Amino acid sequence: MTTSKDPDYVSFTDAAKLLVRHGFVGSMTSQGLRYIARSRGSRDEGRWPFGDKPGQERYLTAGNTRLMRTALLLEYFEKHPPTGRGPDRSSRRPRRS
């Protein structure tokens with residue numbers, strides 16, 4: 001799924017934009033992607049592919065930035081697409097007391 005114009009490694013910020021561009025999500029922020037990484041990090045099924053645990057590929061670090069291999073990231077999202085409610089589009093309702 002990687003195209004020739006995609007970089008070999010991406011940061012969380014660039015990865016969020018990449019996922020939107022490839023159509024995996026309608027919108028995504030780097031914080032949203034970090035949330036996915038944290039919440040799927042301890043699972044066995046659909047485990048986040050990057051990290052320090054067995055079976056995970058290590059992040060490449062450049063300064064304070066963690067980089068992920070683009071091909072593996074896109075492959076992961078093909079197999080395990082994000083699920084959730086997405087951005088909140090409804091207006092706020094007052095709380096009942």
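The structure this text deals with has already been given above.
Overview of the structure. (Residues numbered from 1 in each chain as written. Predicted model: local features only at pLDDT ≥ 70, side-chain atom pairs only at ≥ 80, totals over all residues. Heavy atoms only, no water.)

## Examining the layout of surface pockets
Think of a ball as big as a water molecule: rolled over the atoms, this probe shows where empty space is left. Of the pockets and cavities examined, the second largest pocket occupies roughly 200 Å³. Contributing to the lining of the second largest pocket are 13 residues, with Ala37, Trp48, Phe50, Tyr59 and Arg66 lying nearest its centre. Taken together, the residues that form the lining of the second largest pocket break down as 5 nonpolar, 3 polar and 5 charged. (1 Å grid on protein atoms, 1.4 Å probe; cavity = no way out; pocket = protein on both sides within 12 Å on 5 of 7 lines; lining within 4 Å. Points joined across faces, edges and corners; volume = space filled by probe spheres on them. Nonpolar A, V, L, I, M, F, W, Y, C, P; charged D, E, K, R; others polar.)

## Let's talk about the packing of aromatic side chains
Counted according to the given criterion, the structure contains 7 aromatic pairs. With a centroid separation of 5.8 Å and an interplanar angle of 25°, the aromatic rings of phenylalanine 50 and tyrosine 59 are classed as stacked. For the residue pair phenylalanine 50 and tyrosine 59, the accessibility class agrees, reading buried in each case. Centre to centre, the rings of tyrosine 76 and phenylalanine 77 are 5.4 Å apart; their planes meet at 85°, and the pair counts as edge-to-face. A network of ring pairs unites the aromatic residues Phe12, Phe24, Trp48, Phe50, Tyr59, Tyr76 and Phe77 as a single cluster. The aromatic ring of tyrosine 59 is capped on one face by arginine 66, whose charged end is 4.8 Å from the ring centroid. (Phe/Tyr/Trp six-rings, centres within 6.5 Å; stacked < 30°, edge-to-face > 60°. Buried < 20%, exposed > 50% of the residue type's maximum accessible area, 1.4 Å probe, protein only. Lys NZ or Arg CZ within 6 Å of the ring centre and 35° of its normal.)

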